[in-house]
Amino acid sequence: MWRKLFLTLVLAAGGAPDAFGAPPAAAPQEILVPLSEEQIRAAGVETQPVEAETGAGEIVVPGVVTVPPQQLRVVAAPAAGLVETLLVAPDEDVKEGDPIATLRSSELVEAQRAFLHAVSDADLATEKLRRDEQLFKERIIAERRLIITRAEAVQARATLEERGQILTLSGMSEADVAQLRKDRKLASALLVRAPISGTILQRHGTTGERVQASAPLVTIARLDPIWVNLQAPLGRVAALGSVDRVLLPSIDLAGRLIRVGHTVDQATQSVTAVAEFHPGKSSLRPGQALQAILHVKGADASQWRVSADAVASYLNHSWVFVRSPQGFRAVPVTLVSETPQFASVQGELAVGQRVAVHGLLTLLAELAKTESP
């Protein structure tokens, strides 16, 4: 791997396109690199035969397990107060509606008091409206007074609805609000419940801590399906469109590629691709680092298997050096996939031909001479 990187860097100055120019549009043609037998032996060039492939290859890439963002939920404190108890621990499974924490809040008491005051005002306005409608029917009061009373009743009902919504936002259920309206008994403690079924990934709050409204308490995640963020080398991105499945060999789990990123990491020159898995009972956990094998389905063109050391980069293309009576022929190929040992390529090759796997630095230097004016 380091030798191939070295070869690429050595030829970067001569092979890369000008900073203000564009790479050549036409596909390169094969180039004869004439070398005598003595030169080949002196350069230590070694060859291996080309093997035909069935049209499938592999790309081995690192990855990190992550939770799909739409399956994450942060449970926050609905009101400012004191965290009396946290009823769950990290990695604990919970179901929707299960208690998460108890919170003692003076704001909750004030919100309940305002709600009960709005209930009294609404009841009073309703009774006043009933009485004025009766008086208007008996022609005792003017219509203008009835209109004002109706407006006051509408305003009182709107205020009551607003106060009820505040209690709901403060964490009280509709059943709790109805019970409060019936019993008129204030509660200073609030039970925070799980909004979804899942696994507790993290506890943010601690028992005895005083928190503000919307302060996070716990993070809940649904872990099926789950994603693995794969770091694919920039040179292999073209082959990702032909990936038919993704395998995690360490846990023998197969999934599918669902997205390939559009941006490149400057430090690693890799593109993030996302694979989705249904882990079941397998030990796939968020934050886990692992290796993935991307199975690439070959196109209709002939596909060949060569040593990974046989593929060199020159003039923004991949090449292999095929042995010929005159020395070697530099044949342009399309790199479909690669593992540390082998590479799958498409190009004008044939079974039985031998390609150089050692001594490529000399061959590349000779190739550069043939291309020089």
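Rules of the game
- Residues numbered from 1 in each chain as written.
- Predicted model: local features only at pLDDT ≥ 70, side-chain atom pairs only at ≥ 80, totals over all residues.
- Heavy atoms only, no water.
- UniProt positions renumbered as here; feature names shortened; annotations may be inferred.
- Helix = DSSP H or I, 4+ residues; strand = E, 2+ residues; numbered from the N terminus.
- Buried < 20%, exposed > 50% of the residue type's maximum accessible area, 1.4 Å probe, protein only.
- Contact = heavy atoms within 4.5 Å.
- Areas by Shrake-Rupley, 256 points an atom, 1.4 Å probe, with all protein chains shown as cover.
- Pairing = 2+ DSSP bridges.
- Polar contact = N/O pair within 3.5 Å; in protein donor to acceptor, adjacent residues only side chain to side chain.
- Core = buried A, V, L, I, M, F, W, Y, C linked by side-chain atoms within 4.5 Å.
- Salt bridge = Lys/Arg side-chain N within 4 Å of Asp/Glu carboxyl O.
- Expected span 1.5 Å × (residues − 1).
- Phe/Tyr/Trp six-rings, centres within 6.5 Å; stacked < 30°, edge-to-face > 60°.
- Lys NZ or Arg CZ within 6 Å of the ring centre and 35° of its normal.
- Axes fitted to C-alpha atoms, helices over the stretch in contact; angles between N-to-C directions.
- Left-handed = near helix turned anticlockwise from the far one by under 90°.

Looking up the protein chain in an unreviewed UniProt entry gives the name Efflux RND transporter periplasmic adaptor subunit, with the organism given as Methylocystis iwaonis. Its UniProt record gives the protein chain a comment under Sequence similarities (unreviewed entry), which states: "Belongs to the membrane fusion protein (MFP) (TC 8.A.1) family."

So, about the overall build of the protein chain. Within the protein chain, the regular secondary structure consists of seven helices and 23 strands. Expressed as a percentage of its 373 residues, the buried residues of the protein chain come to 39%. Counting only contacts in the protein chain whose residues sit at least 6 apart along the sequence, the fraction spanning at least 24 positions is 78%. On the protein chain, roughly 21,100 Å² of surface is accessible, and the fraction owed to carbon and sulfur atoms is 53%.

In this section: the sheet that holds strand β10 (residues 198-203). Taken in spatial order, the four strands make up an open sheet running β5-β12-β10-β7, and their pairing is antiparallel. The open sheet has two edge strands with one neighbour each: β5 (72-76) and β7 (93-94). Pairing of β5 with strand β12 (residues 216-221), which is carried by five bridges, proceeds in the antiparallel orientation. Counted as the bridge partner of R73 is I220 from β12.

In this section: the sheet that holds strand β8 (residues 99-104). The strand order β9-β8-β6-β11 describes an open sheet built from four strands, whose pairing is antiparallel. At either end of the open sheet lies a strand with only one pairing partner, and these are β9 (189-193) and β11 (210-211). Summarising the sheet, strand β6 (residues 81-86) and β8 pair through four bridges and their orientation is antiparallel. Bridge assignment links L82 to a residue of β8, and that residue is R104.

Another aspect to go through is unusual backbone geometry. For residues besides glycine, phi is generally negative; the peptide bonds are generally trans as well. Note that the residue after D224, namely P225, is joined by a cis bond; omega there is 5°. The backbone phi angle of R139 is positive, close to 60°, even though this residue is not glycine. Residue position: R139 is located in the loop between α4 (106-137) and α5 (143-169).

Take the side chain of Q303 next. Its place among the elements puts Q303 in strand β18 (residues 303-307). A polar contact of 3.1 Å, which involves the side chain of Q303, links it to the side chain of Q346.

The biggest cluster of nonpolar side chains holds 36 residues, and the ones touching the most others in it are I100, F115, L167 and I220. Elements with a contribution of two residues or more to this core: β6, β8, α4, α5, α6 (174-183), β9 and β12. Element by element, the count of residues in this core is highest for α4, at nine residues.

Right, let's talk about the pattern of salt bridges for a bit. Applying the stated criterion across every chain yields a total of 12 salt bridges. Ionic pairing is found between E84 and R104, a salt bridge with its closest N-O pair at 2.5 Å. Separated by 20 residues along the polypeptide, E84 in strand β6 and R104 in strand β8 bring together distant segments of the chain. For E84, a relative accessible area of 30% translates into the label partly exposed. With a shortest N-O distance of 2.5 Å, R130 and E127 are connected by a salt bridge. Of this pair, R130 and E127 are both found in helix α4, three residues apart, which corresponds to roughly one turn of the helix. Look at the salt bridges and you will find they share partners, linking R131, D132 and R145 into a network.

What follows is about α4. Across its 32 residues, α4 extends 47 Å between first and last C-alpha, which sits within 8% of the 46 Å expected from 1.5 Å per residue. Along α4, the positions that sit buried rather than exposed are L108, A111, Q112, A114, F115, L116, A118, V119, A122, A125, L129 and D132. At its buried positions, α4 is contacted by α5, α6 and β9.

So, on to the packing of aromatic side chains. With the rule as written, the count across this model stands at one aromatic pair. Here the guanidinium or amino end of R305 rests over the ring plane of F342, the centre of that ring lying 3.7 Å away. A cation over a ring is seen here: R323 above F328, with NZ or CZ 5.4 Å from the ring centre.

So, on to the environment of A114. Topologically, A114 is positioned in helix α4. Considering only alpha carbons, one finds A114 and L160, 46 residues apart in sequence, at a separation of 9.0 Å.

Turning to the packing of α4 against α6, a few remarks are in order. Between α4 and α6, whose axes approach to 10 Å, the crossing angle comes to 60°. You can see that α4 and α6 cross each other, and the crossing is right-handed. Note on element contacts: α6 touches α4 through V177, L180 and R181, opposite Q112, F115, L116, V119 and D123.

The next thing to look at is the side chain of Q112. Its location among the elements puts Q112 in helix α4. Beyond its immediate chain neighbours, meaning those up to four positions away, Q112 contacts L167, M172, L180, K185, L186 and A187.

Further remarks concern the environment of A368. Mapped onto the elements of the fold, A368 is located in helix α7 (residues 360-371). Here A368 falls in the partly exposed class, since its relative accessible area comes to 23%. Distance in space between the C-alpha atoms of A368 and V33 is 9.4 Å, their sequence separation being 335 residues.

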